[in-house]
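Residues per chain are reported as follows:
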Amino acid sequence: MTHANLLEVTQQFGSPVYVYDSETIINQYKRLTEAFKKVKHLRLHYAVKALSNLSILRLFNQLGSGLDTVSIQEVKLGIAAGVNPKKIIFTPNGVSIGELEEAVGLGVQINIDNLLILEQFGTKHPKVPVCIRINPHVMAGGNTNISVGHIDSKFGISIHQMPHVLRIVENTGMTINGIHMHTGSDILDIGVFLYAAEILFDVAAKFQNLEFLDFGSGFKVPYHEGDIETDVEELGTKLTKRFNEFCKSYGKDLTLAFEPGKFLVSEAGFFLAKVNVVKQTTSTVFAQIDSGFNHLVRPMFYGSNHDIINISHPKRNKRFYSVVGYICETDTFANNKMITEISEGDILAFKNAGAYCYSMASNYNSRFRPPEVLWHKGKAHLIRQRETFDDIVRNQLEVAL
Ligand SMILES: *Cc1c(COP(=O)(O)O)cnc(C)c1O
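Remember, predicted model here, so these are calculated numbers, not experimental data.

Please provide a residue-by-residue account of the overall build of the protein chain, values included.
Helix and strand counts for the protein chain stand at twelve helices and 18 strands. Here the C-alpha atoms of the protein chain give a radius of gyration of 23 Å, agreeing with the 21 Å that 2.2 N^0.38 yields for 401 residues. Across its three principal directions, the C-alpha atoms of the protein chain cover 70 × 60 × 40 Å. Counting over 401 residues, the protein chain shows a buried share of 42%. Taking all contacts inside the protein chain whose residues are at least 6 apart in sequence as the whole, residues at least 24 apart take part in 67%.

In structure tokens, the structure reads:
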């Protein structure tokens, strides 16, 4: 999308606003499938939690993607978007057996990540095939909040507990049809990923009725100019070779599955906000926008970087700014950011706003959540309206006091 396209979106729908470019999503999807084209059966499950708008889910359905879901509500969103439940995998963490049963009732594949529920579920429903999520105890991921495969992580069944898993399978007569791992977001080192894959192959060899191996996600995208990203082409070549060798020794062509979120949608998204105030203090220049961490929490929550462009005046000289919001507590999007000189009323575009941005937005400070727009084939389509005051009070009940 060009700067002019982005400005057009703010003129049409106001600010702040999220906009997603369908072409970028489609290209990322194709890039990943291309990297693994030598795998006979490949399945991508888009991780719904990154960006869960129904129109985005429809786009993925059109591309042939399945979905990775982490709550029963995400399962229902996927089905509402027209996705075949057979192409949905439910990978929750720490949910009740009731929620898993509800998902099975809707026809989706479930993934169990603890021994207690595995035993209970296998005893009650020995005929329902389940996938197990293992914890390979490999340290990977950009920071401790998003790396989930290490020894202290709450995710998955430890690889050291496989004898217990096998005992449960034998005692209940249940079938394990898939092995899954998801070691964390932002994996930089392909060697680490391949090392974890070897652990998964070792576990997989112990089970006779597998249909698929799910390697989770963790593909890193660049978050600033010159930033490194996962080399999916190299990963494709190396993992394909090992996967095909494994299938040969296993005696069956299994499906290779991935469940990327960030990789598919992060770079497709822009968050557009207007500068209300430019404030010179003794230590810095603040650019204060008509938004806050209620709309884009990643910088405050994870310390994430989002590059910011002044799309109203992209050619001016650059200055250092602190870009902040209107929330009544520290609410910083960026410190010491070089941005072309900002005037009041300018529109700032935040990059990498496709993944974990709108889906983490809230009404804090009783603000409306912004609208979402899909830029598709050269046109802007509103895919979620800006909230109104009715949305803020909708579920509140007033008592006579
Ligand atoms: C969040 C999540 C993903 C997606 O991770 P990304 O870093 O966005 O690609 C995949 N699988 C599971 C189980 C997840 O929880």
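The discussion continues.
Hey, could you go over the packing of helix α6 (residues 115-124) against helix α7 (residues 162-172) for me, with residue numbers and the actual values?
Running from amino to carboxyl end, α6 crosses α7 at an angle of 10 degrees, the nearest separation of the two axes being 9 Å. Comparing their axes, α7 and α6 come out roughly parallel. Considering how the two elements wind past one another, α6 and α7 form a crossing that is right-handed. From α6, Leu115, Leu118, Glu119, Gly122 and Thr123 reach across to α7, where they touch His164, Val165, Ile168 and Thr172.

Account for the UniProt feature "binding site: substrate" (unreviewed entry) in the protein chain, naming residues and giving values.
Sites flagged by UniProt as "binding site: substrate" (unreviewed entry) map to Arg298, Tyr302, Glu329 and Tyr356. By secondary structure assignment, the location of Arg298 is in helix α11 (residues 298-302). For Arg298, the contacting residues outside a window of four places in its chain are Ser304, His306, Tyr356 and Cys357. Tracing the sequence through the fold places Tyr356 in the loop between β16 (347-350) and β17 (372-376). Not counting residues within four places of it along the chain, the set of residues in contact with Tyr356 comprises Ala50 and Arg298.

Please set out the pairing of strand β5 (residues 109-112) residue by residue, giving values where relevant.
Neither face of β5 is exposed, since Gln109 and Asn111 on one face and Ile110 and Ile112 on the opposite face are all buried. Sheet topology note: the strand β4 (residues 88-90)/β5 ladder contains two bridges and is parallel. Across the sheet, Ile89 pairs through a bridge with Gln109, a residue of β5. Following the backbone out of β4, through helix α5 (residues 97-105) and into the adjacent parallel β5, one traces a crossover that is right-handed. Across two bridges, the pairing between β5 and strand β6 (residues 130-135) is parallel.

Give me the domain arrangement of the protein chain: which residues, what numbers.
Taken domain by domain, the protein chain comprises domain 1 (52-260) and domain 2 (267-386). Once you take the C-alpha centre of each, domain 1 and domain 2 turn out to be 34 Å apart. At the interface, eight residues of domain 1 touch eleven residues of domain 2.

Outline helix α1 (residues 3-13), listing residues and values.
Those residues of α1 that fall on the buried side of the exposure criterion are Leu6, Val9, Thr10 and Phe13. An end-on view of α1 places all buried positions within 95 degrees of arc, on one side of the element. Facing away from the buried surface of α1 by more than 90 degrees, the exposed residues are Ala4, Gln11 and Gln12. In this structure, the buried residues of α1 make contact with β1 (17-21), β11 (269-280), β16, β17 and β18 (379-384). Looking one or two places after α1, you find Gly14, whose phi comes out positive at around 80 degrees.

Mind laying out the environment of Val75, listing which residues take part and the relevant values?
For Val75, the position within the fold is in helix α4 (residues 72-80). Classification of Val75 as buried rests on a count of 26 C-beta atoms within 10 Å. Considering only alpha carbons, one finds Val75 and Pro85, ten residues apart in sequence, at a separation of 8.2 Å. Apart from the residues within four sequence positions on either side, Val75 is in contact with Thr69, Ile88, Phe90, Ala103, Leu106 and Val108.

Please give an account of the pairing of strand β12 (residues 285-289) that cites residues and values.
A regular strand places its side chains so that they alternate between the two faces of the sheet. Sheet analysis places β11 next to β12, joined by five bridges and oriented antiparallel. Residue pairing across strands places Val278 opposite Ala287, the latter belonging to β12.

Talk me through α6; I want residue IDs and the actual numbers.
Where α6 is concerned, the buried positions are Leu118, Phe121 and Gly122. Here the buried residues of α6 occupy an arc of 100 degrees about the axis, which is enough to place them on one side. Of the residues in α6, the exposed ones pointing more than 90 degrees away from the buried face are Leu116 and Lys124. Of the surrounding secondary structure, the elements contacted by the buried residues of α6 are α5, β5, β6 and α7.

Can you explain unusual backbone geometry? Please cite residues and give values.
Following Ser15, the chain continues to Pro16 via a peptide bond in cis, the omega torsion being -5 degrees. Mapped onto the fold, Pro16 is located in the loop between α1 and β1. Despite not being glycine, Asn365 shows a phi value in the positive range, around 70 degrees.

How would you summarise the nonpolar core if you had to cite specific residues and measurements?
If you look at the biggest cluster of nonpolar residues, it comprises 98 residues, and the most contacted ones within it are Tyr18, Val19, Ile132, Phe271, Leu272, Val323 and Leu348. For this core, the element with the most residues is β11, which contributes five residues. The residues that make up this core include at least three from each of domain 1 (52-260) and domain 2 (267-386).

Describe in detail the environment of Ala349, supporting the description with residues and values.
Mapped onto the elements of the fold, Ala349 is located in strand β16. Sequence-wise, Ala349 and Lys248 are 101 residues apart; in three dimensions their C-alpha atoms are separated by 49 Å. When near neighbours in sequence (up to four residues on either side) are disregarded, Ala349 contacts Leu6, Phe270, Leu272, Ile309 and Ile311.

Cut-offs applied
Residues numbered from 1 in each chain as written. Predicted model: local features only at pLDDT ≥ 70, side-chain atom pairs only at ≥ 80, totals over all residues. Helix = DSSP H or I, 4+ residues; strand = E, 2+ residues; numbered from the N terminus. Rg over C-alpha atoms; globule rule 2.2 N^0.38 Å. Buried ≥ 20, exposed ≤ 12 C-beta atoms within 10 Å, placed from the backbone. Contact = placed C-beta atoms within 7 Å. Axes fitted to C-alpha atoms, helices over the stretch in contact; angles between N-to-C directions. Parallel < 35°, antiparallel > 145°, perpendicular 65-115°, else oblique. Left-handed = near helix turned anticlockwise from the far one by under 90°. UniProt positions renumbered as here; feature names shortened; annotations may be inferred. Pairing = 2+ DSSP bridges. Right-handed = clockwise from strand over helix to strand, strands pointing away. Domains from an automatic or database assignment. Arc of directions from axis to C-beta. Core = buried A, V, L, I, M, F, W, Y, C linked by C-beta atoms within 7 Å.

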